[in-house]
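Remarks on the overall topology
Below are the chains, spelled out letter by letter.
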Amino acid sequence: MLFLPAQTAAIRTNLFPHIPRVRRVMDSSGGLSIKLHPGQNTVFRSPRRYRTVVAGRRWGKSTLCVVELICAAAAKPRQNCMYVAPSHAMARQIVWDALKESIPDSWLAKKPNETNLEIRLKNGSKIMLRGSDNPDSLRGIKLHFLVMDEFQDFKPDTYSKVLRATLSDTNGRLLTIGTPKGYANIYELYQNGIARDDGKPRKKGWASWQFKTADSPFVPDEEIESARNDLDPHSFSQEYEANFLAMGGRVYYDFSRDHNVRPCPYDPSLPTLIGQDFNIDPMSTVLIQLHGEEVWVTGELSLRSSSTEDVCRELVREFGWDFRDKATVYPDPAGNTRQHARGESDIQIFREWGFNRILFRRKHPSVRDRIAAVNRLICDASGRRRLFIDPSCKHLIESLEKLLYKEGTNEPDKDLNIEHMGDALGYPCEYEFPVKRRSHAIGYSH
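Along every chain, residues carry numbers that run from 1 in the direction the sequence is written. Two thresholds apply to this predicted model, a pLDDT of at least 70 for residue-level local features and 80 or more for giving and counting side-chain atom pairs, whereas whole-chain, interface and lining totals are computed over all residues. Derived side-chain values reflect all non-hydrogen atoms in the structure, with water molecules and hydrogen atoms excluded from consideration.

**Notes on the overall build of the protein chain**
Within the protein chain, the secondary structure is distributed over 13 helices and 14 strands. Counting over 446 residues, the protein chain shows a buried share of 53%. Any two residues having at least one pair of non-hydrogen atoms within 4.5 Å are treated as being in contact. Considering only contacts within the protein chain whose residues lie at least 6 apart along the sequence, 70% involve residues at least 24 apart. The Shrake-Rupley method, run with a 1.4 Å probe sphere, supplies the accessible areas, and residue values consider only the shown protein chains as cover. Carbon together with sulfur atoms contributes 48% to the accessible area of the protein chain, which is approximately 20400 Å² in total. Going along the chain from the N terminus, every DSSP run of H or I of four or more residues is numbered as a helix, and every run of E of two or more is numbered as a strand. Exposed residues in this analysis have more than 50% of their type's maximum accessible area, buried residues have under 20%, and partly exposed residues fall in between, with area computed by a 1.4 Å probe over protein chains only.

**Concerning the sheet that holds strand β12 (residues 294-303)**
Paired strands, in this sense, are two strands between which DSSP finds at least two bridges. Pairing is mixed across the open sheet formed by five strands, whose spatial order is β13-β10-β11-β12-β14. Looking at which strands have only one partner, the edges of the open sheet turn out to be β13 (327-331) and β14 (387-389). On average, each strand axis in the sheet is tilted by 30° relative to the strand beside it, whichever way the strands run. Axis geometry follows a simple rule: fit a line to the C-alpha atoms, using only the stretch in contact for helices, then measure angles between N-to-C directions, giving values from 0 to 180 degrees.

**Quick look at the sheet that holds strand β5 (residues 118-120)**
Strand order in the open sheet formed by seven strands is β5-β6-β4-β7-β8-β3-β9, with mixed pairing between adjacent strands. Two strands in the sheet have a free side with no partner beyond their single neighbour: β5 and β9 (206-211). Strand-to-strand twist of the sheet, defined as the mean angle between neighbouring strand axes without regard to direction, takes the value 10°. Where strand β3 (residues 50-55) lies against strand β8 (residues 173-178), five bridges are found, and the strand directions are parallel. Across the sheet, Tyr50 pairs through a bridge with Leu174, a residue of β8.

**Here we look at helix α13 (residues 420-432)**
The span you would expect from a helix comes to 1.5 Å times its residue count less one. Between its terminal C-alpha atoms α13 stretches 19 Å, which fits the 18 Å expected from 13 residues at 1.5 Å a residue. The angle separating two fitted axes, one through the seven residues that finish at a residue and one through the seven that start at it, defines the bend at that residue. The largest bend in α13 comes to about 25°, at Gly426, with the proline Pro428 one to four residues further on. Among the 13 residues of α13, 11 are classified as buried, and the element is accordingly described as predominantly covered. Considered for burial, the residues of α13 that qualify are His420, Met421, Gly422, Asp423, Ala424, Leu425, Gly426, Tyr427, Pro428, Cys429 and Glu430.

**Observations concerning the confidence of the model for the protein chain**
By definition, pLDDT measures how confident the predictor is in each residue, and it falls between 0 and 100. Taken over all residues, the pLDDT of the protein chain has a mean of 86, while the share at 70 or more is 87%. Segment residues 1-30: pLDDT under 50, and 84 contacts once partners within four positions in sequence are set aside and those in other chains are kept. Note on residues 438-446: pLDDT is under 50 here. Beyond four places in sequence and across chains, it has 34 contacts.

**Some points on the nonpolar core**
Throughout, nonpolar core names a set of buried Ala, Val, Leu, Ile, Met, Phe, Trp, Tyr and Cys residues whose side chains join them through atoms within 4.5 Å. Formed by 40 residues in total, the largest nonpolar core has its most connected members in Val53, Tyr83, Leu99, Ile127 and Leu129. Sort the elements by how many residues they give to this core and helix α2 (residues 61-75) lands first, with 10 residues. Apart from the residues lying within four places of it in its own chain, the contact partners of Tyr83 are Cys65, Leu69, Ala91, Ile94, Val95, Met128, Leu129, Arg130, Val147 and Asp149. Counting 39 residues, the second largest nonpolar core, distinct from the first, contains Val261, Ala372, Cys379 and Tyr427.

**Description of the pattern of salt bridges**
A carboxyl oxygen of Asp or Glu within 4 Å of a side-chain nitrogen of Lys or Arg is what we treat as a salt bridge. According to the stated counting rule, one finds 25 salt bridges in the structure shown. With a shortest N-O distance of 3.0 Å, Glu150 and Arg57 are connected by a salt bridge. With Glu150 in the loop between β7 (145-148) and α4 (158-163) and Arg57 in the loop between β3 and α2, this residue pair connects regions lying 93 residues apart in the sequence. On the basis of relative accessibility, which here comes to 4%, the residue Glu150 falls in the buried class.

**Quick look at the environment of Ile274**
The residue Ile274 is located in strand β10 (residues 272-277) in this model. Accessibility expressed as a relative area gives 0% for Ile274, which makes it buried. Each C-alpha atom, one on Ile274 and one on Gly299, is 9.8 Å from the other, the two residues being 25 residues apart in sequence. Apart from residues no more than four positions distant in its own chain, Ile274 is found in contact with Thr285, Val286, Leu287, Leu315, Phe323, Ala327, Thr328, Val329, Tyr330 and Phe355.

**Concerning the side chain of Ser306**
Among the secondary structure elements, Ser306 is positioned in the loop between β12 and α9 (308-319). Look past the residues within four positions of Ser306 in its chain and what remains in contact with it is Ile280 and Met283.

**Focus: the pairing of strand β4 (residues 80-85)**
Among the six residues of β4, five are classified as buried, and the element is accordingly described as predominantly covered. In terms of strand pairing, β4 meets strand β6 (residues 126-131) through six bridges, oriented parallel. By the bridge assignment, Asn80 is partnered in β6 with Lys126. Where β4 lies against β7, four bridges are found, and the strand directions are parallel. Its bridge partner being in β7, Val84 is matched across the sheet by Met148.

**As for the pairing of β10**
Most of β10 sits inside the fold, with six of its six residues counted as buried. Neither face of β10 is open: one carries Thr272, Ile274 and Gln276, the other Leu273, Gly275 and Asp277, and all of them are buried. Pairing of β10 with β13, which is carried by five bridges, proceeds in the parallel orientation. Opposite Leu273, over in β13, you have Thr328 as the bridge partner. Bridge count for β10 against strand β11 (residues 283-291) is five bridges, and the pairing is antiparallel. Directly across from Ile274, in β11, lies its bridge partner Leu287. Connecting β10 to the antiparallel partner β11 that follows it, the hairpin turn spans five residues.

Here you go:
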């Protein structure tokens, strides 16, 4: 018979035998012992029905999810437990292998279902993995325990209109986990568990916690310092310190004329990186040269009511035909598909003019990744500035100074039509200096 010790809060020892200093242990009665680090254990032991965890990357969110799911399914018979990630693919990637490795074979009623991502236990309980990108598939299920992971990336109203009802008939429990992303989604649930002046949560039955990456004993200090150098201050504060930061302000928030604008003369002996945005009015081009670790923007083109051919003609007129041999174009990837009257694309037009070095990602980089790459060069989390712009680049300076986010969103406000030069800068910056996406080298924390 499958069982755990009567009080699941007494369970101790970690589930992952392949991680150093961590092992899985069966107790003398056949139960499973689980060890969690102090922050995870605080959440695990809480009796509150609704728990919300806001934590930095690699704090151990995924490990906690796996432990909670196994304990909820094993503690009582015939429990329906569901883990929901932003997509079905993410659910498989984040916790599926960890679940299969952590549950003893003797507890299984049959082999895990690899197609539906379901595990059935001998006590009649079931663990299901789903994606929130198909909300209709989540309706009509009665759940005893629900985990919503990476909740900051869920579609709006998925919880309130779909998932909340799955817990009503069973008086089921909820664990919500994620990393801040502005003040959207998870912030609202997090606020429900914040203590009032009298020490009680703002909403009955709720509890909330906020943990930095540094609160995990399994992430070395040098890794955190490395991330501080790899990320801009805003991203580091949000991703590693789990701080909620307003998204309604400046997109390039650390850009400063005093610190990022200085003479950056063009050097014909050096290679040139050309960032190209294909908006017709204006066509926006930035010229970049690398000086050691510094990125110099030496010039720009802002051509009204123009075409890609006009850009090529102007570049050759300004710098000569030999310029093409030392130039690499980093275009908006959409320029590979947009067709003109003669049938060629924007990128094909560059090739026809002799610009043979053209680099772009086949999958369009997200706006967020492009902005983060530029912000990290403007000023990283350690205070180092690597991006410098010549004073002649007036349109780029205006874009970096004035572009704002739409209030309450993480989308740049395009009403002023000043975003294009910043976009042109973003393509080479994101390609050559991408913000590193850090994941746990071992284990399943993220």
